[in-house]
Amino acid sequence: MSKHEGLARDSLGTLESIVMGVAGTAPAFSVAVTTATIVAAVGVLSVGSILYCGLIMFGITLAFIHLSKITPNAGAAYAWVGHVFGPRWGFFAGWGLLVASVFFMVSATIPAATSTLVLLAPHLVDSTHWVAGTAALWLTAVTLVVTRGIKHSSYTQLTLTVFETAILLALIIGAFIKYSDAPMHPPSMIWISPVSFTPQVFATGALTAIFFFWGWDVTMNLSEESRSNQTGAGGAAGVGAFWSVLNMMLFFTIMMVVVLIALNDQEIANADTNILLAVATKLFPAPWNYLAVFCTIVSTVGTIETQILQFSRSMFAMARDRMLHPVYAQVHPEWQTPWMATIVIWGLGMLLLFTSSYMPSVKEILQSSILAIGFQICFYMSLAGFACAWHYRKKLHSGPRRAISYVLWPALSATFMVFIALYSIPTFDTLTNVMGAGGLLIGFIPLLLNERRFGRQVIRSSRP
């Protein structure tokens, strides 16, 4: 494949990149899926967990933005970690994302399914078979949209994000108006005070909070399809990553406060993945409260789309460099999308959904997948943070601003992520450890097979 063949270049501008980053973090979806889990784990310290995790994630965002100056690459973390630390480390950075994305097909499509059943057949919401079947239909529909081309995906995301934002703003404003005088949990500085956290509480809260923020880096996986600029500063992809994470730090912190002031602990636990509906029901009369259900569905569809994009672009880049089988680097001649890689994540997602349909409860499926994904996010993003700090280590002598932005903040964020992951492993049950650490270790099989097939490869980070 020549340098000018393949993905659709210059297709995404700055606004579209920001929308992709916001859709990747999926505001409504993240709140709906993760709130009950994080509140059960750390209570009102959820607010501080999200705030501090946002600061950690912003350091990783800086790392991605600076690493993208090496060259735009659909593989993002895979390519840049490989460029700095060598192809094997690069492979596992990419593999961590691939595995997390596959598990995400379960934790993302299930909320879409439960929200759909709330509207159409409420009595089936607790049936794992019906939930898994409905989730499979959503996964198939979104996959078809993604396969048709990046412009179709961006137009869909723009529409969905505008609708989602309007509903979430209504919930935030309504909650502060109604519960400012009589909150269910009275706001306190204890919620964000560093002294309120023990190492174990911090690690537990942060591992779950990381799931809130994950997905913004899809902008970097779309860097080959985004408009560049003349300074080599990451172009639209870098700007999109910066502003999407900054906005999400503010939004998630506020939204967690909204949930705590509007709902008591029992209501949060009972709401499970329908937390937005629980808040909306206390604020607005029927049927307007059901707009929150539509909001969750819209957000979930958006994040499924961005995660399929992220997986397919990463697999495409790895296959293009022969770190995976070259068949996955095939690009559709008309739609200019890596259609084979897209089919792979659809197939694996369907397999996991079928398997999950035999688990005892929907809640158990979500908790195990969220924690496993959090572990894998810590793994590949910490590698990117360390890669940035090492690659730009000479910036330590270029003044405080550059030293902090290029080296210190990314390195500290990466160190925190390693701590969070290692500290959490002993607290996982067997299923979560198998999904989290086991999913990463399986990567040795394709790595060794492809090294035997093609010999040791040097990642050509100057590509695409």
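Residues numbered from 1 in each chain as written. Predicted model: local features only at pLDDT ≥ 70, side-chain atom pairs only at ≥ 80, totals over all residues. Heavy atoms only, no water.

**Focus on the overall build of the protein**
Stage number 1. Check the secondary structure of the protein and you find 18 helices and zero strands.
Stage number 2. In the protein, buried positions account for 60% of the 464 residues.
Stage number 3. Long-range pairs, those at least 24 residues apart, make up 84% of the contacts in the protein with a sequence separation of at least 6.
Stage number 4. If you sum the accessible surface of the protein, you get close to 17,900 Å²; carbon and sulfur atoms cover 68% of it. (Helix = DSSP H or I, 4+ residues; strand = E, 2+ residues; numbered from the N terminus. Buried < 20%, exposed > 50% of the residue type's maximum accessible area, 1.4 Å probe, protein only. Contact = heavy atoms within 4.5 Å. Areas by Shrake-Rupley, 256 points an atom, 1.4 Å probe, with all protein chains shown as cover.)

**As for the nonpolar core**
Stage number 1. Ranked by size, the top nonpolar core spans 153 residues in total, and within it Phe-64 and Met-381 carry the most contacts.
Stage number 2. In terms of residue count, the dominant contributor to this core is helix H5 (residues 87-120) (18 residues).
Stage number 3. Every residue in contact with Phe-64, bar those within four places of it in the chain, is listed here: Ala-76, Ala-77, Trp-80, Trp-216, Asp-217, Met-220, Tyr-380, Met-381 and Ala-384. (Core = buried A, V, L, I, M, F, W, Y, C linked by side-chain atoms within 4.5 Å.)

**Here we look at the packing of aromatic side chains**
Stage number 1. Following the criterion strictly, the structure yields 17 aromatic pairs and no others.
Stage number 2. Ring centres 5.4 Å apart and planes at 55 degrees place the aromatic pair Phe-58 and Trp-409 in the tilted group. Taken as a pair, Phe-58 in helix H3 (residues 46-67) and Trp-409 in helix H16 (residues 400-424) lie far apart in primary sequence, 351 residues in all.
Stage number 3. In this arrangement the basic side chain of Arg-393 is found over the ring face of Trp-390, its NZ or CZ atom lying 3.9 Å from the centre.
Stage number 4. Across from the ring centre of Tyr-406, 4.9 Å away, lies the NZ or CZ of Lys-395, which sits over that ring. (Phe/Tyr/Trp six-rings, centres within 6.5 Å; stacked < 30°, edge-to-face > 60°. Lys NZ or Arg CZ within 6 Å of the ring centre and 35° of its normal.)

**Overview of the pattern of salt bridges**
Stage number 1. Enumeration according to the criterion identifies one salt bridge in this entry.
Stage number 2. In this structure, Glu-267 engages Lys-282 in a salt bridge whose closest nitrogen and oxygen atoms are separated by 3.2 Å. Taken as a pair, Glu-267 in helix H11 (residues 265-271) and Lys-282 in helix H12 (residues 275-283) lie far apart in primary sequence, 15 residues in all. (Salt bridge = Lys/Arg side-chain N within 4 Å of Asp/Glu carboxyl O.)

**Quick notes on helix H1 (residues 14-25)**
Stage number 1. Taking 1.5 Å of rise per residue, the 12 residues of H1 would be expected to cover 16 Å, and the 17 Å separating its terminal C-alpha atoms lies within 8% of that figure.
Stage number 2. Within H1, 10 of the 12 residues are buried, leaving the element largely enclosed by the surrounding structure.
Stage number 3. Every buried residue of H1 is listed here: Glu-16, Ser-17, Ile-18, Val-19, Met-20, Gly-21, Val-22, Ala-23, Gly-24 and Thr-25.
Stage number 4. Backbone geometry just downstream of H1 places Ala-26 in the positive-phi region, at approximately 55 degrees. (Expected span 1.5 Å × (residues − 1).)

**Details of the layout of surface pockets**
Stage number 1. Looking at the largest pocket, its volume works out to about 490 Å³.
Stage number 2. Forming the walls of the largest pocket are 23 residues, and the residues nearest its centre are Trp-95, Val-99, Val-102, Leu-348 and Ile-442.
Stage number 3. Those elements giving two or more residues to the lining of the largest pocket turn out to be H5, helix H13 (291-320), helix H14 (339-356), helix H17 (430-441) and helix H18 (444-454).
Stage number 4. Class assignment for the residues of the lining of the largest pocket results in 18 nonpolar, four polar and one charged. (1 Å grid on protein atoms, 1.4 Å probe; cavity = no way out; pocket = protein on both sides within 12 Å on 5 of 7 lines; lining within 4 Å. Points joined across faces, edges and corners; volume = space filled by probe spheres on them. Nonpolar A, V, L, I, M, F, W, Y, C, P; charged D, E, K, R; others polar.)

**What to know about the packing of helix H8 (residues 199-213) against H16**
Stage number 1. Between H8 and H16, the least distance of the axes is 9 Å, while the angle of their chain directions is 105 degrees. Regarding the angle of H8 to H16, the classification is roughly perpendicular. Where H8 approaches H16, its residues Pro-199, Gln-200, Phe-202, Ala-203, Ala-206, Leu-207 and Ile-210 are matched on the opposing element by Phe-416, Met-417, Phe-419, Ile-420, Tyr-423 and Ser-424. (Axes fitted to C-alpha atoms, helices over the stretch in contact; angles between N-to-C directions. Parallel < 35°, antiparallel > 145°, perpendicular 65-115°, else oblique.)

**Quick notes on the environment of Ala-237**
Stage number 1. Along the chain, Ala-237 turns up in helix H10 (residues 235-262).
Stage number 2. Ala-237 sits in the buried class, given a relative accessible area of 1%.
Stage number 3. Filtering out sequence-adjacent residues up to four positions away, Ala-237 remains in contact with Ser-17, Thr-219, Met-220, Ser-223 and Ser-226.

**Some details on a nonpolar patch on the surface**
Stage number 1. Judged by side-chain polarity, Leu-119, Leu-120, Phe-163, Trp-288, Tyr-290, Leu-291 and Phe-294 come together as a nonpolar surface patch covering roughly 700 Å² of accessible area.
Stage number 2. Elements with a minimum of two residues in the nonpolar patch: H5 and H13.
Stage number 3. Relative to the elements of secondary structure, Trp-288 occurs in the loop between H12 and H13.
Stage number 4. Assessed through its relative accessible area of 58%, Trp-288 is described here as exposed. (Patch = residues over 30% accessible without salt bridge, like charges linked within 9 Å, V, L, I, M, F, W, Y side chains within 5 Å.)

**What to know about the confidence of the model for the protein**
Stage number 1. On average, residues of the protein score 82 in pLDDT, and 88% of them are at 70 or above.
Stage number 2. Counting contacts from residues 229-233, a segment whose pLDDT is below 50, to residues more than four positions away or on other chains yields four contacts.
Stage number 3. Under a pLDDT of 50 for its full length, residues 457-464 has, in the predicted model, 29 contacts with residues more than four places off or in other chains. (pLDDT = per-residue confidence, 0-100.)

**Brief notes about the environment of Phe-58**
Stage number 1. Overall, Phe-58 belongs to the buried group, its relative accessible area being 8%.
Stage number 2. Remark: the alpha-carbon pair of Phe-58 and Val-245, spanning 187 residues in sequence, is separated by 6.7 Å.
Stage number 3. Setting aside anything within four residues of it in sequence, one finds Phe-58 in contact with Phe-242, Val-245, Leu-246, Met-249 and Trp-409.

**Re the side chain of Ser-244**
Stage number 1. One can find Ser-244 in helix H10.
Stage number 2. Since its relative accessible area comes to 0%, Ser-244 is described here as buried.
Stage number 3. Every residue in contact with Ser-244, bar those within four places of it in the chain, is listed here: Ile-18, Gly-21, Val-22 and Trp-216.

**As for H5**
Stage number 1. With 34 residues, H5 ought to run about 50 Å at 1.5 Å a step, and its terminal C-alpha atoms sit 49 Å apart, in line with that.
Stage number 2. Taken as a whole, H5 carries its principal kink of about 30 degrees at Phe-104.
Stage number 3. Taken across its 34 residues, H5 has 30 buried, putting it largely inside the fold. (Bend = angle between axes of the 7 residues up to and from the residue.)

**Some remarks on the environment of Gly-385**
Stage number 1. Relative to the elements of secondary structure, Gly-385 occurs in helix H15 (residues 362-391).
Stage number 2. Residues Gly-385 and Thr-415 lie 30 residues apart in sequence; the distance between their C-alpha atoms is 8.5 Å.
Stage number 3. Once residues within four sequence positions are removed from consideration, Gly-385 is found in contact with Ile-60, Ala-63, Pro-410, Ala-411 and Ala-414.

**Considerations on the state of the cysteines**
Stage number 1. Under the defined criterion, the tally for this structure stands at zero disulfides.
Stage number 2. This cysteine, Cys-53, is not joined by any disulfide, and Cys-378 carries the nearest cysteine sulfur, 7.7 Å off.
Stage number 3. On the basis of relative accessibility, which here comes to 1%, the residue Cys-53 falls in the buried class. (Disulfide = S-S within 2.5 Å.)

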